[in-house]
Amino acid sequence: MIRSIAVVCAMALCACTPAQEAKEETPVSNTQVPAPTPGEVATRITAEQNGQTVNVAVNERFAVELVGVPTAGYIWAPVTLPAFVQRAGEAGGNTVPEQSQPGYTGGNHWEVFMFVATEAGSGELVLEQRRPWETNEPASSTFRVTIVAQ
């Protein structure tokens, strides 16, 4: 009993001593490097536009810029394209400058998908993030945007 009281008292004293000041850390953005979208892309669609409607011009390239974790096997891929939309390339790259340094491993990466609307129309473009070999697992994330081509 006395031993228990001594332990409780010691713990109470530790709680009363001044603690080291916590370092105030500035949150690090996971996208300090812009998406590697080619300059000729007319419209850039970002993750913040998930669920929204985006207007694009017929015969102009547009891009969907998403951050993925391909180093852990999670990659984005288009799963539903409107009939008037065709794929027009892909790009990928670092999201933070440190990823360019020797020995840096892991982390998030940009995954950019380019498309072109070949004619006027409206339809939903859907991309899913998943591990391709986990065929029976649901997508870890889904991105949806309604494309209106004029």
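Everything numeric here is computed off the predicted structure, so don't read it as measured data.

Draft legend 1. Highlighting unusual backbone geometry. Its identity is not glycine, yet Asn59 carries a phi of approximately 70 degrees, on the positive side. By the secondary structure assignment, Asn59 is in the loop between strand 2 (53–56) and strand 3 (61–68). For Asn59, a relative accessible area of 58% translates into the label exposed.

Draft legend 2. Representation of the pattern of salt bridges within the structure. Taken as a whole and judged by the stated rule, the model has six salt bridges. One salt bridge connects Glu40 with Arg61, and the closest N-O pair in it is separated by 2.6 Å. Linking Glu40 in the loop between helix 1 (2–16) and strand 1 (43–46) with Arg61 in strand 3, this pair joins segments that are 21 residues apart in sequence. The exposure class of Glu40 is exposed, given its relative accessible area of 52%. Overall, the relative accessible area of 22% leaves Arg61 in the partly exposed class. A salt bridge links Glu90 to Arg87; the nearest nitrogen and oxygen atoms lie 2.2 Å apart. Classification of Glu90 by relative accessible area gives exposed; the value is 53%.

Draft legend 3. Structural context of the side chain of Thr37. Following the sequence through the fold, Thr37 ends up in the loop between helix 1 and strand 1. Look at Thr37 and you get buried, because its relative accessible area is 10%. Only 2.5 Å separates the side chain of Thr37 from the side chain of Glu65, close enough to count as a polar contact. Contact partners of Thr37, with chain neighbours within four places excluded, come to Arg44, Ala63, Glu65 and Val112.

Draft legend 4. Fine view of the sheet that holds strand 4 (residues 75–80). Strand order in the open sheet made by the four strands is 2-8-7-4, with mixed pairing throughout. Lying at the two open borders of the sheet, with one neighbouring strand each, are strand 2 and strand 4. Taken over all neighbouring pairs, the strand axes of this sheet differ in orientation by 30 degrees on average, direction set aside.

Draft legend 5. Region of the structure containing the side chain of Glu65. Assignment of secondary structure puts Glu65 in strand 3. In terms of polar contacts, Glu65 uses its side chain to reach the side chain of Arg44, at 2.6 Å. Residues in contact with Glu65, not counting those within four places in the same chain, are Ala35, Thr37, Arg44, Ile45, Thr46, Ala47, Trp110, Glu111 and Val112.

What counts and what doesn't
Residues numbered from 1 in each chain as written. Predicted model: local features only at pLDDT ≥ 70, side-chain atom pairs only at ≥ 80, totals over all residues. Heavy atoms only, no water. Helix = DSSP H or I, 4+ residues; strand = E, 2+ residues; numbered from the N terminus. Buried < 20%, exposed > 50% of the residue type's maximum accessible area, 1.4 Å probe, protein only. Salt bridge = Lys/Arg side-chain N within 4 Å of Asp/Glu carboxyl O. Polar contact = N/O pair within 3.5 Å; in protein donor to acceptor, adjacent residues only side chain to side chain. Contact = heavy atoms within 4.5 Å. Pairing = 2+ DSSP bridges. Axes fitted to C-alpha atoms, helices over the stretch in contact; angles between N-to-C directions.

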